[in-house]
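Next come the chains, spelled out residue by residue.
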Amino acid sequence: MEHRIRELDYLKSIFILLMVAFHLVYIGDKYPYAKQIVYTFHMSAFLILSGYLTNIQTDAGNFLKKQLWIFIPYACMETGYVIMSHILPVRESVSEITPTLLVYKIFVKPMGTYWYLHTLIICCTIYYCIFRYIHATTISRIILFGVCLFATSYFGGLMAFANAIYFLAGVIIRQSKLPFTHIFQASFLALVPIAMLCCFPDNLNRGTLAGITITYLAISTLLYIHRYLPEFIRQYFYFIGRNTLVILLFSPIFTILCKTLLPFLLFEPTGMLFMFTSVFFTTMGCLAMAWSMDKLHLSRFFFGKDTILSRQ
């Protein structure tokens, strides 16, 4: 995109903060139904935004370079995550570390939050190849893109088609040339059907029509809330939204560390104090890591650019 769309940065910030909050094991266990609801729409919406924002109006060299500098930090952090899952007593434990396992986790079935980057790289690559090298009508290329995503998901087993379809939705919106906020219009009334749908557990599946509807309604509701936020709060959300990559990459480090806070915050029975404290600690920790890497000139080796922390 030639310029940033503030509403999209705001949405990205909300979804990444929800990801952090419900990756806290204590919060997920204490509020399992709320976790189901959030898991229905937060990464689905993120994939819609990713499909919409992916830039294919560039040459192959620049495109591949960008994908490479997503893959490198992804592969490094996925490797670290797998190793730590072997060492630490976590739910997604790994009994034995082998080169074959690491290759499998990096290229086929990633662990933890990193599945999103794995899916993103695959979807972006297929999208670029079809829309740059296949000479056909837009609708024909969209259909071919959908078929390729289906084949990659069901025959290649490289990602879930229920996730890829949301990236496709973002691409369709982008190719329609319509502004994102014309498709997803802010509405207070979106709260009514979303509340009704979330009352039934069977609806809490992003791969169903109900899940797609919940995702749409969640975006519409959040865009309505955005209108009434004070400007100084909006600016904080925009800043977080511009830096979701580093939060996605580094958040598992800090959500694990947050477990040490739990004994000191259990006096508050709802867990909200622990959640807000942990989300703040995790977010600030990720941004501090990015800032430190910039200052130490390490970002060029990890992200392929001199600075990764985006301030504007």
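None of the values given here were measured: they were computed from a predicted structure. (Residues numbered from 1 in each chain as written. Predicted model: local features only at pLDDT ≥ 70, side-chain atom pairs only at ≥ 80, totals over all residues. Heavy atoms only, no water.)

Trainee: Please explain the packing of helix α7 (residues 138-154) against helix α8 (residues 161-175) as it appears in this structure.
Mentor: For any two helices packed against each other, one specifies the inter-axial angle together with the distance between the axes. Axis separation between α7 and α8 bottoms out at 10 Å; the angle between their running directions is 165°. Classified by the angle their axes make, α7 and α8 are roughly antiparallel. Viewed along their axes, α7 and α8 form a crossing whose handedness is right-handed. Contacts between α7 and α8 involve Thr-138, Ile-142, Phe-145, Gly-146, Leu-149, Phe-150, Ser-153 and Tyr-154 from the first element and Phe-161, Ala-164, Phe-167, Leu-168, Val-171, Ile-172 and Gln-175 from the second. Taken together, the residues of the contact of α7 with α8 break down into 11 nonpolar, 4 polar and no charged. (Axes fitted to C-alpha atoms, helices over the stretch in contact; angles between N-to-C directions. Helix = DSSP H or I, 4+ residues; strand = E, 2+ residues; numbered from the N terminus. Parallel < 35°, antiparallel > 145°, perpendicular 65-115°, else oblique. Left-handed = near helix turned anticlockwise from the far one by under 90°. Contact = heavy atoms within 4.5 Å. Nonpolar A, V, L, I, M, F, W, Y, C, P; charged D, E, K, R; others polar.)

Trainee: Quick question: what am I supposed to make of a nonpolar patch on the surface here?
Mentor: There is a patch of nonpolar side chains on the surface, built from Ile-134, Ile-139, Ile-143, Leu-144 and Val-147 and spanning about 420 Å² of accessible area. Mapping Ile-143 onto the fold places it in helix α7. Note on Ile-143: relative accessible area 53%, which makes it exposed. (Patch = residues over 30% accessible without salt bridge, like charges linked within 9 Å, V, L, I, M, F, W, Y side chains within 5 Å. Areas by Shrake-Rupley, 256 points an atom, 1.4 Å probe, with all protein chains shown as cover. Salt bridge = Lys/Arg side-chain N within 4 Å of Asp/Glu carboxyl O. Buried < 20%, exposed > 50% of the residue type's maximum accessible area, 1.4 Å probe, protein only.)

Trainee: I would appreciate a short explanation of unusual backbone geometry in the present structure.
Mentor: Glycine aside, a negative phi is what most residues show, and trans is what most peptide bonds show. Despite not being glycine, Lys-177 has its phi angle at roughly 70°, a positive value. Mapped onto the elements of the fold, Lys-177 is located in the loop between α8 and α9 (180-183). The phi dihedral of His-297 is positive, around 60°, even though this residue is not glycine. For His-297, the position within the fold is in the loop between α15 (272-295) and α16 (299-302).

Trainee: Help me understand the side chain of Thr-58 in this model?
Mentor: Along the chain, the position of Thr-58 falls in the loop between α3 (32-53) and α4 (60-87). On the basis of relative accessible area, Thr-58 is assigned to the buried category, the value being 17%. Apart from the residues lying within four places of it in its own chain, the contact partners of Thr-58 are Phe-63, Tyr-128 and Arg-132.

Trainee: Sorry if this is basic, but what is going on with the layout of surface pockets here?
Mentor: Here the largest pocket defines a volume of roughly 1,300 Å³. Going through the elements one at a time, α1 (6-22), α3, α4, α6 (115-133) and α13 (244-257) are the ones with two or more residues in the lining of the largest pocket. Here the lining of the largest pocket gets 7 residues from one element, more than from any other, and that element is α4. Among the residues making up the lining of the largest pocket, the classes are represented as 20 nonpolar, 12 polar and 8 charged. (1 Å grid on protein atoms, 1.4 Å probe; cavity = no way out; pocket = protein on both sides within 12 Å on 5 of 7 lines; lining within 4 Å. Points joined across faces, edges and corners; volume = space filled by probe spheres on them.)

Trainee: How should I be thinking about the nonpolar core in this particular structure?
Mentor: Nonpolar side chains in soluble globular proteins generally cluster together in the buried interior. In terms of nonpolar packing, the biggest core is built from 88 residues, with Leu-11, Phe-15, Phe-145, Phe-180, Ile-219 and Phe-250 touching the most fellow members. No other element matches the 12 residues that α6 contributes to this core. Apart from residues lying up to four places away in sequence, Phe-15 is in contact with Phe-41, His-42, Ala-45, Phe-46, Leu-49, Ile-219 and Leu-222. Val-82, Val-94, Leu-101 and Met-111 belong to the second largest nonpolar core, which has 5 residues in total. (Core = buried A, V, L, I, M, F, W, Y, C linked by side-chain atoms within 4.5 Å.)

Trainee: Would you mind showing me how to read the pattern of salt bridges here?
Mentor: When charged atoms on two side chains of opposite charge get close, those side chains can pair. The full count for this structure, using the stated rule, is 3 salt bridges. A salt bridge links Glu-231 to Arg-6; the shortest N-O distance between them is 3.2 Å. Here the residue Glu-231 occupies a position in helix α12 (residues 231-241), and Arg-6 occupies one in helix α1, the gap between them amounting to 225 residues. Of the charged contacts, one joins Arg-234 and Glu-231 as a salt bridge, the two residues approaching to 3.8 Å between their closest N and O atoms. A residue pair is termed a helical-turn pair when its members lie 3 or 4 positions apart in one helix, as Arg-234 and Glu-231 do in helix α12 at 3 residues.

Trainee: Help me understand the side chain of Lys-105, please; the structure alone is not making it clear to me.
Mentor: Within the fold, Lys-105 resides in helix α5 (residues 99-107). In this view, Lys-105 contacts Tyr-74, Glu-78, Val-82, Pro-110 and Met-111; residues no more than four positions away in its chain are not counted.

Trainee: Mind showing me how you'd approach the state of the cysteines here?
Mentor: Should the sulfur atoms of two cysteines be covalently bonded, the bond is a disulfide. Per the counting criterion, the structure on display carries 0 disulfides. Here Cys-123 is not disulfide-linked; the sulfur of Cys-124 is the nearest cysteine sulfur, at 7.1 Å. On the basis of relative accessible area, Cys-123 is assigned to the buried category, the value being 0%. Take Cys-199: it sits in no disulfide, and the sulfur closest to it among the cysteines is that of Cys-198, at 7.4 Å. (Disulfide = S-S within 2.5 Å.)

Keep in mind that these numbers describe shape and distance, not what the molecule does.
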